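Analysis of the macromolecular model
Each chain, letter by letter, is given below.
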Amino acid sequence: MKNWSAFPLLLVLLSSCDKEDMINNEFRVVVESTSDISCSLPVIRFLDREAEVKSLTNSQTLTYNAYHLDPSLNILGNSLLVEFTQIVKEDLRPCLAIGISYPGISIQNARIAD
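Overview of the structure.

Calculation rules
Residues numbered from 1 in each chain as written. Predicted model: local features only at pLDDT ≥ 70, side-chain atom pairs only at ≥ 80, totals over all residues. Heavy atoms only, no water. Core = buried A, V, L, I, M, F, W, Y, C linked by side-chain atoms within 4.5 Å. Buried < 20%, exposed > 50% of the residue type's maximum accessible area, 1.4 Å probe, protein only. Helix = DSSP H or I, 4+ residues; strand = E, 2+ residues; numbered from the N terminus. Contact = heavy atoms within 4.5 Å. Phe/Tyr/Trp six-rings, centres within 6.5 Å; stacked < 30°, edge-to-face > 60°. Disulfide = S-S within 2.5 Å.

1. Topic: the nonpolar core
- Ile44, Phe46, Leu69, Leu80, Val82, Ile105 and Ile107 are the most contacted members of the largest nonpolar core, which has 16 residues in total.
- For this core, the elements supplying multiple residues, two or more each, are β1 (27–33), β2 (43–46), β3 (63–67), β4 (79–86) and β5 (104–112).
- Not counting residues up to four positions away in its chain, the partners in contact with Ile105 are Ile44, Phe46, Thr57, Tyr64, Asn65, Ala66, Tyr67, Phe84, Thr85 and Ile87.

Rendered as structure tokens:
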């Protein structure tokens, strides 16, 4: 009987979690360019949670090259919700030393914003 005494408490704790309690890993961005002149990568700009973006990327900008952005979402002006990480060495590619150089991020998940 002792093993079952914690069961009602567990049910209460699990049922009290709402969707709002979950961590939001999605960030709102807009596609600024479908292919920059330097790296031929999409360029996105973050539209919200600026301080969090800067902290996660260790950068002071809100505009980035988007590695691994699904080509079907890479449309100029598209408003997207993305999950991202910093790029890893394997993602890097040679870029031309012309035009504006943007830091890169790796898109893990993306969808059209509602």
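There's more to say after this.
2. Some details on the packing of aromatic side chains
- Within the structure shown, the criterion is met by four aromatic pairs.
- Here Phe27 and Phe46 contribute two aromatic rings whose centre-to-centre distance is 5.9 Å and whose plane-to-plane angle is 85°, an arrangement assigned as edge-to-face. With Phe27 in strand β1 and Phe46 in strand β2, this pair connects stretches of sequence that are 19 residues apart. Phe46 carries the same exposure label as Phe27, and that label is buried.
- Residue Phe46 is classed as buried on the basis of its relative accessible area of 2%.
- By way of ring pairs, the aromatic residues Phe27, Phe46, Tyr64 and Phe84 are connected into one cluster.

3. Re the state of the cysteines
- All told, the structure shown has one disulfide when counted by the stated rule.
- One disulfide bridge connects Cys39 with Cys95, the sulfur atoms lying 1.8 Å from each other. Handedness of the Cys39-Cys95 disulfide follows from its S-S torsion of about 110°: it is right-handed. Note that Cys39 is positioned in the loop between β1 and β2 and Cys95 in the loop between β4 and β5, a separation of 56 residues in sequence.
- Judged by relative accessible area, Cys39 falls into the buried class, the value being 11%.

In short, shape yes, function no, at least from these values alone.
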